[in-house]
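Structural characterization, general
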Amino acid sequence: MTEKLKQVIKREMDGLPKENQEAIALVDWIKITEEIGKKYLFNESDLNDFQTQTLLVLIGVEDADFYSQNIENEVGTNKKTADQIAEEVLQKIFNPIGKALVDNLKKIALSKDANHEQNIGFILSGGNYSAFAEKEPPHKVVLPTEHKEDPYREKPE
């Protein structure tokens, strides 16, 4: 891995929310990508491209649905190999990190005092823990109580 890629990884990881950073830190994804790269005989350039594509999914820049296609295009593998690599990464990196992230969000949700609106939001969402995330208070709309010389308003007799 090049120094430049290491710096990019550090910078991008530092910009993620704390919960995401903690979940990603639980899996040594760099080592796993290196092992996968050796398995598929990647050269240094292909390995860097592969790790970059993995990073882009981890930080949310690229959609995981396009991961296999991006590996095929950027690393220069065929579709079958790219699909195999993507499946291996899904099992070894993305699924464990996703599970850790959900566990972190559950802990946060359970540690906060939930109000009835959050509980209803959670139930209606089918179990989406983002219902417990803090929301901005609704904006108040102030309506004028007196109408000053409104030409369209009827005047009392």
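Cut-offs used in this document
- Residues numbered from 1 in each chain as written.
- Predicted model: local features only at pLDDT ≥ 70, side-chain atom pairs only at ≥ 80, totals over all residues.
- Heavy atoms only, no water.
- Helix = DSSP H or I, 4+ residues; strand = E, 2+ residues; numbered from the N terminus.
- Contact = heavy atoms within 4.5 Å.
- Areas by Shrake-Rupley, 256 points an atom, 1.4 Å probe, with all protein chains shown as cover.
- Salt bridge = Lys/Arg side-chain N within 4 Å of Asp/Glu carboxyl O.
- Buried < 20%, exposed > 50% of the residue type's maximum accessible area, 1.4 Å probe, protein only.
- Patch = residues over 30% accessible without salt bridge, like charges linked within 9 Å, V, L, I, M, F, W, Y side chains within 5 Å.
- Lys, Arg positive; Asp, Glu negative; His and termini not counted.
- Charge placed at Lys NZ, Arg CZ, Asp CG, Glu CD.
- Expected span 1.5 Å × (residues − 1).
- Arc of directions from axis to C-beta.
- Core = buried A, V, L, I, M, F, W, Y, C linked by side-chain atoms within 4.5 Å.
- Phe/Tyr/Trp six-rings, centres within 6.5 Å; stacked < 30°, edge-to-face > 60°.

Things to note about the overall build of the protein
From N to C terminus, the protein includes 7 helices and 0 strands. Counting from the amino terminus, the protein carries its helices and strands in the arrangement α-α-α-α-α-α-α. Pairs at least 24 apart in sequence give 51% of the contacts found in the protein among residues at least 6 apart. For the protein, the accessible area works out to roughly 11600 Å², and carbon and sulfur atoms hold 53% of it.

Some remarks on the pattern of salt bridges
Across all of its chains, the model carries 4 salt bridges by this definition. For the salt bridge of Lys39 with Glu88, the shortest nitrogen-to-oxygen distance reads 3.0 Å. One end of the pair, Lys39, is in helix H3 (residues 29-39); the other, Glu88, is in helix H6 (residues 79-111), with 49 residues separating them in the sequence. Judged by its relative accessible area of 12%, Glu88 is buried. Because the salt bridges share partners, they merge into one network encompassing Lys39, Glu88 and Lys92.

Some remarks on the environment of Leu105
For Leu105, the position within the fold is in helix H6. On the basis of relative accessible area, Leu105 is assigned to the partly exposed category, the value being 39%.

Observations concerning a negative patch on the surface
Together, Asp28, Glu34, Glu35 and Glu44 give the surface a local cluster of negative charge. Within the secondary structure, Glu34 is located in helix H3.

Some words on the environment of Thr52
Considering the arrangement of structural elements, one finds Thr52 in helix H4 (residues 44-58). The class of Thr52 is partly exposed, set by a relative accessible area of 27%. A sequence separation of 23 residues divides Thr52 from Val75, and the C-alpha atoms of the two residues are 10.0 Å apart.

Observations regarding helix H1 (residues 3-14)
Helix length check: H1 (12 residues) gives 17 Å between terminal C-alpha atoms against 16 Å at 1.5 Å per residue, within 8%. Residues Leu5, Ile9 and Met13 constitute the buried set of H1. The buried residues of H1 occupy an angular sector of 65° when projected down its axis, which confines them to one face. In H1, those exposed residues whose orientation departs by more than 90 degrees from the buried face are Glu3, Lys4, Gln7, Lys10 and Arg11. Against helix H2 (18-25), H3 and H4 lie the buried residues of H1.

Digging into the nonpolar core
Counting residues in each nonpolar core, the largest one holds 28 residues, and the members touching the most others are Met13, Trp29, Phe50, Leu58, Tyr67, Val89 and Ile93. Sorting the residues of this core by element identifies H1, H2, H3, H4, helix H5 (67-75) and H6 as the ones contributing at least two each. Excluding its chain neighbours within four sequence positions, the residues that come into contact with Ile93 are Val27, Trp29, Ile32, Thr33, Thr54 and Leu58.

Examining the packing of aromatic side chains
All told, the structure shown has 3 aromatic pairs when counted by the stated rule. Ring plane angle 70° and centroid distance 5.5 Å describe the contact between Phe42 and Phe50, whose orientation is recorded as edge-to-face. Just as Phe42 is buried, Phe50 falls in that class too. Joined through ring pairs, the aromatic side chains of Tyr40, Phe42 and Phe50 make up one cluster.

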